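For reference, the chains in residue letters:
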Amino acid sequence: MSYSKLYSAIARGKWFIDFRQLEFYQNIVEQMINKRGEGYDDKILSSSSPLTVLMSDGKAMNQGNSFNAAPNGSVAIIPIQGTMLKNGTMCSYGTMEIAQMIDEATECKNITGTVLDIDSGGGSVDAIAPLVDAIRRSRAAGKAVIASCDLCCSAAYYVASYCNEIVANNNISAEFGSIGVMMSFRDYAEKFQKDGIKEHTIYSSLSEEKNAAFELARQGEYDKIREEELDPLALAFRSTVQANRKDLKNDTAGILAGKTFYAQDALKYGLIDKIGTQTYAVTRVKELTASAIIQEYITKI
């Protein structure tokens with residue numbers, strides 16, 4: 001039985017993620033290591049349960065449908081929920097699949113724009129790029145993208161920062177931020193030794209820097225992996241958010257160092273643009289797209 005995609009994403013990745021979600025996936029890894037994960041295989045969720053997309057008129061569509069069947073002027077509401085992984089697994093849709101849906105909405109003349117229904121504490125670093133690219137393509141085509149969020153932290157916030165606007169869909173549980181990066185792994189060397197398994201890792205004499213940071217981390221020395229692997233990602237995350245969120249209060253304690261904020265404070269400090277319902281987000285998509293069309297017309301005159 002193979003767990004290749006899910007195991008690889010969990011075990012090897014660097015994470016823009018809220019620690020509460022990472023704990024769940026580490027438990028899955030432990031089950032795999034101990035051969036208790038009989039329910040896992042290489043099937044992907046979309047093969048048995050296609051990604052469902054809601055239109056602003058309440059009509060549900062999935063990957064088997066064409067956006068052309070939607071009424072003219074519709075807004076696509078596409079979910080980004082749970083832990084974000086680049087490739088789909090049996091547990092979740094991958095961001096590659098979600099990005100494809102955004103692109104299909106962008107290309108359809110009946111779709112005015114997109115609301116991303118975000119409820120995620122983040123995920124793997126490599127899950128971000130497909131969504132960012134799809135959002136950019138939509139905006140370049142003159143179709144607005146609004147993030148309508150409950151939990152929107154770490155990698156999810158990274159993605160949301162590229163949208164035209166970020167809206168908290170409630171003032172109770174909606175939470176934003178966690179701008180930072182982490183790496184977590186479990187060392188099973190002692191367990192394997194007890195089971196009579198001895199590991200031998202041999203490097204070429206010409207490859208002294210290969211995996212050096214990770215090997216030091218296994219010995220409890222974390223400085224090199226912080227400096228070479230994690231800090232560059234954290235700095236890029238910070239600069240991206242600062243570039244995308246012009247009204248961000250950068251001097252707010254912890255705002256660029258991993259702290260999270262509930263909706264009212266997120267609005268106060270510039271992490272979001274509004275507290276409103278998903279219906280409000282749909283309305284904003286239509287308004288912003290209409291404004292872009294008018295602006296383009298004026299520019300051409």
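Counting restarts for each chain: residues are numbered from 1 in the order of the written sequence. Side-chain atom pairs in this predicted model are given and counted only at pLDDT of 80 or more, local residue features only at pLDDT of at least 70, and totals for whole chains, interfaces and linings cover all residues. In computing side-chain properties, one takes all heavy atoms of the structure into account and sets aside hydrogens as well as water.

Student: Looking at this structure, how should I read the overall build of the protein chain?
Tutor: When helices and strands are counted, the protein chain shows eleven helices and eleven strands. Under the scheme applied here, a residue whose accessible area is under 20% of the maximum for its type counts as buried, over 50% as exposed, and between as partly exposed, the area being computed with a 1.4 Å probe on protein chains only. Burial analysis of the protein chain (301 residues in total) assigns 44% to the buried set. The long-range fraction of contacts in the protein chain, counting pairs at least 24 apart against all pairs at least 6 apart in sequence, stands at 71%. Per-residue and other accessible areas follow the Shrake-Rupley method at a 1.4 Å probe size, with only the shown protein chains counted as cover for residues. Carbon and sulfur atoms make up 50% of the accessible area of the protein chain, which amounts to about 15,500 Å² in all. Under the DSSP-based scheme used, a helix requires at least four consecutive residues in state H or I and a strand at least two consecutive residues in state E, with every element numbered from the N terminus. Any pair of residues with heavy atoms lying within 4.5 Å of one another is described as a contacting pair.

Student: Just to check I follow, could you spell out the packing of aromatic side chains for this structure?
Tutor: The geometry of an aromatic ring pair comes down to the distance between the two centres and the angle between the two planes. Any Phe, Tyr or Trp ring, taking Trp's six-membered ring, that has another such ring centre within 6.5 Å forms a pair; planes under 30 degrees apart are called stacked, those over 60 apart edge-to-face, and the others tilted. Counted according to the given criterion, the structure contains three aromatic pairs. Ring centres of Tyr-158 and Tyr-162 lie 6.3 Å apart, and the angle between their planes is 25°; this geometry places the pair in the stacked category. For Tyr-158, a relative accessible area of 14% puts it in the buried group. Relative accessible area serves as the criterion here: at 14%, Tyr-162 is assigned to the buried category. An aromatic cluster is defined as three or more aromatic residues linked by ring pairs; in this entry it consists of Tyr-158, Tyr-162 and Phe-237.

Student: What should I look at first to understand helix α5 (residues 128-140) in this one?
Tutor: Note on helix geometry: an α-helix contains 3.6 residues per turn, so any two residues three or four positions apart are oriented the same way. Between its first and last C-alpha atoms α5 spans 18 Å; for 13 residues at 1.5 Å apiece the expected length is 18 Å, and the two agree. Those residues of α5 not exposed but buried are Ile-128, Pro-130, Leu-131, Val-132, Ala-134, Ile-135 and Ser-138. Backbone geometry just after α5 places Gly-142 at a positive phi near 85°. Given the number of residues in a helix, its expected span is that number minus one, multiplied by 1.5 Å.

Student: Explanation requested: the pattern of salt bridges in the structure shown.
Tutor: Side chains bearing opposite charge may pair, as long as their charged atoms lie close to each other. The term salt bridge refers to a pairing of a side-chain nitrogen on Lys or Arg with a carboxyl oxygen on Asp or Glu at a separation within 4 Å. This model, assessed by the stated rule, comprises ten salt bridges. Among the ionic pairs, Lys-191 bridges to Asp-195, the shortest N-O distance being 3.9 Å. One salt bridge in this structure joins Lys-224 and Glu-228, with 2.7 Å as the shortest N-O distance. Here the residue Lys-224 and the residue Glu-228 both occupy positions in helix α9 (residues 223-244), the gap between them amounting to four residues, near one helical turn. We classify Glu-228 as partly exposed; its relative accessible area is 44%. Overlapping salt bridges, with partners in common, bring together Glu-165, Arg-284 and Glu-287 in one network.

Student: When you look at the environment of Leu-256 in this model, what are you seeing that I'm missing?
Tutor: The topology assignment puts Leu-256 in the loop between α9 and β10 (260-262). Considered as a pair, Leu-256 and Ser-239 are 17 residues apart in the sequence and their alpha carbons are 9.4 Å apart. Once residues lying within four places of it in the same chain are set aside, the contact partners of Leu-256 are Ile-179, Arg-238, Gln-242, Leu-248 and Asn-250.

Student: Mind showing me how you'd approach the pairing of strand β7 (residues 145-153) here?
Tutor: Along any regular strand the residues' side chains alternate between the sheet's two faces. Across the nine residues of β7, eight count as buried, placing the element largely inside the fold. Where β7 lies against strand β8 (residues 165-168), four bridges are found, and the strand directions are parallel. Looking across to β8, one finds that Ala-147 is bridged to Ile-166. Tracing the backbone out of β7, into helix α6 (residues 155-160) and back to the parallel element β8 gives a crossover that is right-handed. Direction of pairing for β7 relative to strand β9 (residues 175-177): parallel, over a ladder of three bridges. Residue Cys-152 lies in a different strand from β9, and its bridge partner there is Phe-176. Strands were regarded as paired on the criterion that DSSP finds at least two bridges between them. Orienting the strands away from the viewer, one traces the path from the first strand over the helix to the second; a clockwise path indicates a right-handed crossover.

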